[in-house]
Amino acid sequence: FELFSNGNTQGVFQFESSGITQVLKNMKPDCFEDIVAANALYRPGPMAFIPTYIENKKNPDKIEYLDKSLEPILSVTYGCLVYQEQVMQIVRDLAGYTYGRSDLVRRAMSKKKMDVMLKEQEYFVYGKEDGAGGLEIKGCVRNGIPEQAAKEIYNQMISFAEYAFNKSHAAAYAVLAYQTAYLKTYFPVEFMAALMTSVIGDSTQIAKYIRNCQEMKIAVLPPDINESGKKFTVKDGKIRFGLLGVKNVGEGVIDAIIKAREEKGVPEDIFQFINNVDIHEINKKAVESLIKAGALDCLDENRAKHLAVYESLIESSQNNSRKNIEGQLSLFQMNAESMQNSGLAGKLPDVANFSKDLLMAMEKEMLGIYLTGHPLSDYAEKIEKVSTITAEDLAHAEIGGELKDGMTVTMAGMVSSKKTLITKKNKMMAFLQLEDLYGTAEVVVFPNVYETALGLLKNDNVIVVRGTINFKEDEEPKLLADRIFGINDFSGGAASGTVKITIPEELPEAETLAQIREVILAHRGDTPVVITAAASNKKYKTKSDLWVTADESFVQTLSRLIGKENITQN
């Protein structure tokens, strides 16, 4: 329950999204019923009841029931109507319905059959006689429930029924959620290794779970030909990257590496590695990918040396294999001299290793993620400070969640790719992939923004994008750029305060507003502006495309228009 309450639910069935995580942090579930309720409530419609549920959970003394007869039914959900089963129990316990008829009411409500619901309301409140003069349904009034309370209870059920969720379904899901949370709590390393294995090949998911490992202080080690298996494995409380996660490396190659390791021992260098492995099962592309991914760093950390020799070593091994087939030479009986002559033993060339940035780029190319370092590490603090949203937040944004369509946000990251196109008006625009420390998001840069930010939109440039969230059905949420800054040129709207401008009473409001706008356009920047018209007491807060660089030039220009005393910044 602590894990749920802390929102550490990456990999927990049904509870991974950022929205449900926030609900859990606010709810602080401490019993299984809370997990069931959270699962049932977190969907369009019932979401509106979440604040009431949380408030009632925190302050049970404030719970009010339309009638005390509801308490045994709704107390488990803190007075909130959450499940279809509760609707069925209410009509049974309060009005004397049978189990079968209570299900007919549930069905009518969920399918919005108004004629049936209105007829059943009469029966619910006043009861129903059978043909022989007896009572088929006793009704709330005969059970001592006031008429008005009974009507309100029924109306509440009708308004809720279209959203009501099946508790047995929610409970079954909650069992799986609890089981996965249990495993994550008591076997965190094994759980995270299994979780990453389940999405092996999906770099976005792998990156997300590796970040979660870092938060849990679990080390994820790079692939290693001497240590790694096919899948993610656990050793000494650490997770070793699985070889199946390396691009261009198939199961046959991995089986050959593991078999050679088990039968001939751990190789000490790349010469021994190529010599030991079945040459019919490996290929140049796979070995190149392993080198770039860092899987041969255990033999020598200088990847440039390995990349310089691996092709010739594989070719030599293949030639020797052919000779062996012809009976001219046994590969496994080669003496040191023949190995030397064949190129399968010797010294690595004396070449410098690649730069840190290039090594990280190779790792990203082969693993799909940055594992041992990140190009944005030097900017991490700045990115954290200026960003109001991450790529992960955007990826998991849901319609009806906390992030709304059209919401203004700021995101900092590195341009990982750019695609340009020409509009019908013959202007250039771009689609960016912006990568931060949490993933990648799409940014749409329309022509007016593209023209002003062209110099910043280069691959590997670190930029800050201020824009609006865009939701479209059946598409991933994206960011529509309003302004783009270089990371070192951005001070952040909140950090740089707000410029407050007052239009004096004696100046014409509309004309002065237009003049102020021209001044702002000439000094655009990252500081928000609030304008107050003294005569009408109207207040205007500019959008981000009319924020300013509040430098001396701006103040002097505006002062000539309205007077310096009417300009303040805080």
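Asker: Could you clarify how one ought to interpret the sheet that holds strand β5 (residues 238-240) in this entry?
Answerer: The pairing of strands in a sheet comes from backbone hydrogen bonds and takes either a parallel or an antiparallel form. Reading across the sheet, the three strands line up as β3-β5-β4 and stay open at both edges, with mixed pairing between neighbours. Every interior strand has two partners, whereas the edge strands, β3 (220-221) and β4 (233-235), have only one. Helix-sheet contacts for helix α11 (residues 188-198) involve β3, β4 and β5, and the interaxial angle to β5 is about 20 degrees.

Asker: In this structure, what is going on with the packing of helix α7 (residues 99-110) against helix α8 (residues 114-126)? I would like to understand it.
Answerer: Working note: a packed helix pair is described by the angle between its axes plus the distance between those axes. With their axes 9 Å apart at the nearest point, α7 and α8 run at an angle of 140 degrees to one another. On the basis of their axis angle, the class for α7 and α8 is oblique. Our pair here, α7 against α8, has a crossing hand that is left-handed. Of the residues in α8, those in contact with Arg 101, Val 105, Ala 108 and Met 109 of α7 are Val 116, Met 117, Glu 120 and Tyr 123. Of the residues in the contact of α7 with α8, the class split is six nonpolar, no polar and two charged.

Asker: What exactly am I supposed to notice about the pattern of salt bridges here?
Answerer: Pairing is possible between side chains of opposite charge, provided their charged atoms come close. All chains considered together, the criterion is met by 21 salt bridges. Here Lys 284 and Glu 315 are joined by a salt bridge, their closest N and O atoms 2.6 Å apart. One end of the pair, Lys 284, is in helix α15 (residues 284-292); the other, Glu 315, is in helix α16 (residues 303-325), and 31 residues separate them in sequence. Between Glu 475 and Lys 478 there is a salt bridge, with the nearest N and O atoms lying 2.8 Å from each other.

Asker: Got a minute to help me understand the sheet that holds strand β15 (residues 567-569) in this structure?
Answerer: Across the sheet, four strands lie side by side as β14-β13-β11-β15; this open sheet has mixed pairing. The sheet terminates laterally at β14 (538-541) and β15, the two strands that pair on one side only. When the angles between neighbouring strand axes are averaged without regard to direction, this sheet yields 20 degrees. Bridging between strand β11 (residues 499-503) and β15 involves three bridges; their strand directions are antiparallel. Note that in β15 the partner of Val 499 across the bridge is Gln 569. Here helix α22 (residues 509-522) sits on the sheet and contacts β11, β13 (529-533) and β14; the angle it forms with β11, its principal contact strand, is near 150 degrees. Against the sheet, helix α23 (residues 552-562) contacts β11 and β15, and its axis sits at roughly 15 degrees relative to β11.

Asker: Looking at this structure, I do not really get helix α4 (residues 50-58). What am I missing?
Answerer: Structurally, the α-helix is built with 3.6 residues per turn, so residues lying three or four positions apart point the same way. Listed as buried for α4 are Ile 50, Tyr 53, Ile 54, Asn 56 and Lys 57. What you see down the axis of α4 is that its buried residues fit within an arc of 165 degrees, all on one side. Every exposed residue of α4 that faces more than 90 degrees away from the buried side is listed here: Pro 51 and Lys 58. On its buried face, α4 is in contact with α2 (18-27) and α3 (32-41).

Asker: Would you take a moment to explain α15 for this structure?
Answerer: In terms of burial, α15 is largely enclosed, as seven of its nine residues are buried. The set of residues buried in α15 consists of Ala 286, Val 287, Glu 288, Ser 289, Leu 290, Ile 291 and Lys 292. Backbone nitrogen of Lys 285 and a side-chain oxygen of the N-cap are separated by 3.2 Å at the start of α15; the cap is Asn 283. Of the residues trailing α15, Gly 294 is marked for its positive phi of about 90 degrees.

Asker: Mind showing me how you'd approach a nonpolar patch on the surface here?
Answerer: Together, Phe 1, Phe 32, Val 175, Tyr 178, Tyr 182, Leu 183, Tyr 186 and Phe 187 make up an exposed nonpolar region whose accessible area comes to about 750 Å². Ranked by residues supplied to the nonpolar patch, first place goes to helix α10 (residues 167-186) with five residues. Along the polypeptide, Tyr 186 turns up in helix α10. Given a relative accessible area of 56%, Tyr 186 falls into the exposed group.

Asker: Before we go on, may I ask you to explain the pairing of strand β7 (residues 428-436) in this structure?
Answerer: Side-chain direction in a regular strand flips from residue to residue, so the side chains alternate between the two faces of the sheet. The pairing of strand β6 (residues 408-422) with β7 spans eight bridges and is classified as antiparallel. In the sheet register, Leu 421 faces β7, and the bridge partner there is Met 429. Linkage of β6 to β7, two consecutive antiparallel strands, is achieved through a turn of five residues, within which Asn 426 is found at a positive phi near 65 degrees. Both β7 and strand β8 (residues 439-445) contribute to a ladder of seven bridges, which runs antiparallel.

Asker: Hey, could you run me through the environment of Ala 441 in this one?
Answerer: Mapping Ala 441 onto the fold places it in strand β8. Expressed as a C-alpha distance, the spacing of Ala 441 and Gly 368, which sit 73 residues apart in the sequence, is 15 Å. Setting aside its immediate chain neighbours within four residues, Ala 441 contacts Ala 391, Leu 394, Met 411, Leu 432, Gln 433 and Leu 434.

Asker: Is there a simple way to explain the side chain of Lys 478 in this structure?
Answerer: Structurally, Lys 478 is set in strand β10 (residues 478-486). One polar contact links Lys 478 to Glu 475, side chain to side chain, over a distance of 2.8 Å. Ignoring sequence-local partners within four residues, the contact set of Lys 478 consists of Leu 394, Glu 442, Val 444, Thr 468, Ile 469 and Asn 470.

Asker: Sorry, what's going on with the packing of aromatic side chains here?
Answerer: What describes a pair of aromatic rings is the distance from one ring centre to the other and the angle between the planes of the rings. Under the criterion given, the structure shown has nine aromatic pairs. Here Phe 13 and Tyr 173 contribute two aromatic rings whose centre-to-centre distance is 5.2 Å and whose plane-to-plane angle is 75 degrees, an arrangement assigned as edge-to-face. Note that Phe 13 is positioned in the loop between α1 (2-5) and α2 and Tyr 173 in helix α10, a separation of 160 residues in sequence. By relative accessible area, which is 30% here, Phe 13 ends up partly exposed. What makes Tyr 173 partly exposed here is its relative accessible area of 29%. Between Tyr 182 and Tyr 186 the ring centres are 4.7 Å apart and the planes differ by 45 degrees, which places this aromatic pair in the tilted class. Of this pair, Tyr 182 and Tyr 186 both sit in helix α10, four residues apart, which is roughly one turn of the helix. Taken together through their ring pairs, the aromatic side chains of Phe 1, Phe 32 and Tyr 178 make up a single cluster. One cation-aromatic arrangement involves Arg 92 over Tyr 99; the distance from NZ or CZ to the ring centre is 4.1 Å.

Asker: What's the story with the packing of α11 against helix α12 (residues 203-215) in this structure? I'm lost.
Answerer: Across the interface, α11 lies against α12 with an axial gap of 9 Å and an inter-helix angle of 170 degrees. Viewed along their axes, α11 and α12 adopt a mutual orientation that is roughly antiparallel. Along its contact with α11, which presents Met 192, Leu 195 and Met 196, the element α12 presents Ile 206, Tyr 209, Ile 210, Asn 212 and Cys 213. Among the residues forming the contact of α11 with α12, the class breakdown is seven nonpolar, one polar and no charged.

The rules we used
Residues numbered from 1 in each chain as written. Predicted model: local features only at pLDDT ≥ 70, side-chain atom pairs only at ≥ 80, totals over all residues. Heavy atoms only, no water. Pairing = 2+ DSSP bridges. Helix = DSSP H or I, 4+ residues; strand = E, 2+ residues; numbered from the N terminus. Contact = heavy atoms within 4.5 Å. Axes fitted to C-alpha atoms, helices over the stretch in contact; angles between N-to-C directions. Parallel < 35°, antiparallel > 145°, perpendicular 65-115°, else oblique. Left-handed = near helix turned anticlockwise from the far one by under 90°. Nonpolar A, V, L, I, M, F, W, Y, C, P; charged D, E, K, R; others polar. Salt bridge = Lys/Arg side-chain N within 4 Å of Asp/Glu carboxyl O. Buried < 20%, exposed > 50% of the residue type's maximum accessible area, 1.4 Å probe, protein only. Arc of directions from axis to C-beta. Polar contact = N/O pair within 3.5 Å; in protein donor to acceptor, adjacent residues only side chain to side chain. Patch = residues over 30% accessible without salt bridge, like charges linked within 9 Å, V, L, I, M, F, W, Y side chains within 5 Å. Areas by Shrake-Rupley, 256 points an atom, 1.4 Å probe, with all protein chains shown as cover. Phe/Tyr/Trp six-rings, centres within 6.5 Å; stacked < 30°, edge-to-face > 60°. Lys NZ or Arg CZ within 6 Å of the ring centre and 35° of its normal.

Purely spatial values, then, with no claim about function.
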